[in-house]
Amino acid sequence: MVAGNSVWNLLAFAVGVVANLITLPFVVQRLGISQFGICGLLIALATPFSLVGTTLGQSAAQGIARHMSQGDRVALSEFCATIITIGVVSIAGIGLLLGLMAPIIARGVFPKYGSSFQSIRLISMTLAFGWMAQQLSLLMQGVHVACQSYRRIATVTALGAIGGPLLVFGIVGARPDVEGYILALALGYGLTTLLWLVSIVASFPWCLARPDMHPRMTKSIAAFSGWQMLAQLVANMANQIDRYLLGAWVSANAVGYYNVSQRLEEVAYIGVIKTGDALFPQFSVNASETVERQSEIFFVLPGC
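Would you mind showing me how to read the overall build of the chain here?
Along the backbone of the chain there are 11 helices and zero strands. Each helix (α) and strand (β) of the chain, taken in turn from the N terminus, gives the series α-α-α-α-α-α-α-α-α-α-α. Expressed as a percentage of its 304 residues, the buried residues of the chain come to 44%. Excluding contacts between residues fewer than 6 apart, the proportion of contacts in the chain whose partners are at least 24 apart in sequence is 84%. Surface summary for the chain: the accessible area is close to 14900 Å², and the carbon and sulfur share equals 69%.

So what exactly am I meant to see when it comes to a nonpolar patch on the surface here?
Taken together, the side chains of Leu96, Leu97, Leu100, Met101, Ile104, Ile105 and Met125 define a hydrophobic patch exposed on the protein surface, amounting to about 640 Å² of accessible area. The dominant element in the nonpolar patch, judged by the number of residues it contributes, is helix H4 (residues 73-109), at six residues. Within the secondary structure, Ile105 sits in helix H4. Taking relative accessible area as the criterion, Ile105 reaches 36% and is therefore assigned partly exposed.

Where do I start with the packing of aromatic side chains in this structure?
Two aromatic rings, taken as a pair, are described by how far apart their centres are and by the angle between their planes. Across all of its chains, the model carries three aromatic pairs by this definition. Aromatic pair Phe26 and Phe169: ring centres 4.7 Å apart, planes at 65 degrees, arrangement edge-to-face. Of the two residues, Phe26 sits in helix H1 (residues 2-31) while Phe169 sits in helix H6 (residues 150-174), which places them 143 residues apart along the sequence. Of the residues examined, Phe169 reaches a relative accessible area of 32% and is grouped as partly exposed. Plain terms: the ring middles of Phe204 and Trp206 are 6.2 Å apart, the flat faces sit at 70 degrees to each other, and that makes the pair edge-to-face. For Phe204, a relative accessible area of 10% corresponds to the buried category.

Explanation requested: the side chain of Thr192 in the structure shown.
Secondary-structure assignment places Thr192 in helix H7 (residues 178-203). If we skip the residues at most four places from it in the chain, Thr192 touches Ser137 and Gly160.

Looking at this structure, how should I read the pattern of salt bridges?
For side chains bearing opposite charge, pairing can occur when the charged atoms are close. Per the stated rule, a full pass over the model turns up two salt bridges. We note a salt bridge from Glu78 to Arg216, for which the minimum N-O separation is 3.0 Å. Taken together, the positions of Glu78 in helix H4 and Arg216 in helix H8 (residues 215-249) put the pair 138 residues apart, joining distant regions of the chain. On the accessibility criterion, Glu78 (18% relative accessible area) is buried. Asp177 is paired through a salt bridge with Arg175; the nearest N and O atoms lie 2.9 Å apart. Taking the relative accessible area as the measure of exposure, Asp177 reaches 15% and is therefore buried. Arg175 gets classed as partly exposed once you look at its relative accessible area, which sits at 37%.

The rules behind each value
- Here the residue numbering is sequential within each chain, running from 1 through the sequence in written order.
- pLDDT decides what is reported in this predicted model: residues at 70 or higher carry local features, side-chain atom pairs at 80 or more are listed and counted, and totals for whole chains, interfaces and linings draw on all residues regardless.
- Computation of side-chain values: all heavy atoms of the structure, hydrogens and water removed.
- Helix and strand definitions here come from DSSP, where helices need a minimum of 4 consecutive H or I residues and strands a minimum of 2 consecutive E residues; each element is numbered from the N-terminal end.
- Each residue's exposure class comes from its accessible area (1.4 Å probe, protein chains only) as a fraction of the maximum for that residue type: buried when under 20%, exposed when over 50%, partly exposed otherwise.
- Residues count as neighbours in contact if any of their non-hydrogen atoms are within 4.5 Å of one another.
- For every accessible area listed, the method is Shrake-Rupley and the probe measures 1.4 Å; residues are considered covered only by the protein chains on display.
- Residues forming no salt bridge and having over 30% relative accessible area are the ones grouped into patches, like charges within 9 Å of each other and nonpolar side chains (Val, Leu, Ile, Met, Phe, Trp, Tyr) within 5 Å.
- Here, a salt bridge means any side-chain nitrogen of Lys or Arg that lies within 4 Å of a carboxyl oxygen of Asp or Glu.
- For Phe, Tyr and Trp, rings pair up if their centres lie within 6.5 Å, where Trp contributes its six-membered ring, and each pair is then called stacked (planes under 30 degrees apart), edge-to-face (over 60) or tilted (otherwise).

Here it is as C-alpha cells:
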C-alpha cells in the first residue's frame, strides 16, 4: 500500500510540474525576463512563510492519522477543532501582516523597481490572498494525507494544475505585466483551495469541526510543529537569500534567469520529498506496533 500511495503522490506532483513547465516559457515571453524577475522577487517575499501551511498540514496528517488509528472519535473531533482554529487564525494573521508589510519591504530592499508596477499595495494584497489560499490548501491536503487518499490528492492536484495554467494563459495574455501575473497565480491558488474544500465536504465532513481550542491538543500541536517551523523558516530564508541579493545588488534580469535555472533543481528535490510523504501517516498509524512489525512495514521490500 505504501508503494502504491507513493506512486499516486508522485503522479500528483508530476502533473503540477508539467503544467508549470508549460506555462513558464509563455510567461517569460509575454512579460520579458526583467518583469518575470521582479515577479520572482515579490513572490520571494512571501515564500519563507510557506512553512505555516506546510507545518500545519504535517500536524494535521500526524494528529488525524494517530487518533483515527486509535478509534478515539472525541480526541479526533477535538484535534480537528483545534487545528482549524490555529490554522485560520495564523494564516489570516500572517496574511494580513504580509499584505501590509510587503510594500514597505519592497520599497526598502528593491527601490529601483518602483516604476515597474502601477500599485505595490494592490500587488501586495493580491500576493497575500494567494499566499493565504496556498496555505489553506496545504492544511487541507494534510487531511487527505492522513486518510491516505492519494488518488483523491492526485485528482485534485490535476484539476488545479489544469485550472491554474488556464488562468495564467488568460490573464497574462490579456495583461502581460507584474500585476497580471501575480493575480493569475493568486486566483490559481484560490481555485485549488476551493477544490480541496469541495473534496473535504464530499468525503471527510467529520473533520469540519466547530473551531475551538482544546488545551491538550494545542500542546500536542505546538510540541510537534514548533521546531518544525523554526527549522523550515531558516531553510526557506536560506533558499531565498540568493534572489534577495541578486535583486538588491544586480538586476531583475539576473533574478529572472536565476528563477528559470533553479526550476529544474527545485523539481528534483521536491519530487523526492513528495514520494516519501506517503510514509508520513504510516508512522502515526503503526506507532503502537512492535519493533519487528514496524521493521517489516518500513524496511522489508514486498516479496523479500
